[in-house]
Amino acid sequence: MMSESSDRRKTIRRNWTELPEKATSSILSRLGAIEILESSQKVCMKWRKVSKDPLTWRKIDMHNDGDLEDMDYDLEEMCRHAVVRSAGNLVDINIEYFGTDELLEYITLFLLDVLI
């Protein structure tokens, strides 16, 4: 015979959209920029809203394994998009394996323009 509490655990269903925004932000903060831009922002409207919050983009981790030819997306374009989403709040960025002088110049000029 099942206990009453185990019956309740089986019937309780949680909805991701009911999570507080701080909890959703905490989840997204554990993902890299590629995962947020390519996957998590497409989960639901709430996750999309949180993924657009400039504070989500204080640290941009574009970590990849360096095998750029097997990727279906343009990391430089994704990085520019993430920098714009930061709205000047960027404090740390990882663009290992694909960062170019031109990309660094773009990031610098964008941040200077936002801050001035």
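Source: prediction; values computed, not measured. (Residues numbered from 1 in each chain as written. Predicted model: local features only at pLDDT ≥ 70, side-chain atom pairs only at ≥ 80, totals over all residues. Heavy atoms only, no water.)

Colleague: Describe in detail a negative patch on the surface, supporting the description with residues and values.
Modeller: Where like charges cluster on the molecular surface, the negative patch consists of Glu38, Asp65, Asp67, Glu69, Asp70 and Asp72. Looking at glutamate 69, the relative accessible area reads 78%, which means it is exposed. (Patch = residues over 30% accessible without salt bridge, like charges linked within 9 Å, V, L, I, M, F, W, Y side chains within 5 Å. Areas by Shrake-Rupley, 256 points an atom, 1.4 Å probe, with all protein chains shown as cover. Salt bridge = Lys/Arg side-chain N within 4 Å of Asp/Glu carboxyl O. Lys, Arg positive; Asp, Glu negative; His and termini not counted. Charge placed at Lys NZ, Arg CZ, Asp CG, Glu CD. Buried < 20%, exposed > 50% of the residue type's maximum accessible area, 1.4 Å probe, protein only.)

Colleague: Before we move on, could you go through the nonpolar core and cite the residues and values that matter?
Modeller: Ile60, Met62 and Cys79 are the most contacted members of the largest nonpolar core, which has 24 residues in total. Of all the secondary-structure elements, those providing two or more residues to this core are α3 (33-38), α4 (45-51), α5 (75-86) and α6 (101-115). The dominant element in this core, judged by the number of residues it contributes, is α5, at 5 residues. In this structure, isoleucine 60 is in contact with Ala33, Ala82, Val83, Leu90, Asp92, Ile93 and Asn94, ignoring residues within four places of it in sequence. (Core = buried A, V, L, I, M, F, W, Y, C linked by side-chain atoms within 4.5 Å. Helix = DSSP H or I, 4+ residues; strand = E, 2+ residues; numbered from the N terminus. Contact = heavy atoms within 4.5 Å.)

Colleague: Can you tell me about the packing of aromatic side chains, naming the residues and giving the values?
Modeller: Enumeration over the complete set of coordinates arrives at 1 aromatic pair. Between the aromatic rings of tyrosine 106 and phenylalanine 110, the centroid separation amounts to 6.3 Å while the plane-to-plane angle is 20°, which identifies the pairing as stacked. Of this pair, tyrosine 106 and phenylalanine 110 are both found in helix α6, 4 residues apart, which corresponds to roughly one turn of the helix. What makes phenylalanine 110 buried here is its relative accessible area of 19%. Note that arginine 80 overlies the ring of tyrosine 106, its terminal NZ or CZ placed 5.8 Å from the centroid. (Phe/Tyr/Trp six-rings, centres within 6.5 Å; stacked < 30°, edge-to-face > 60°. Lys NZ or Arg CZ within 6 Å of the ring centre and 35° of its normal.)

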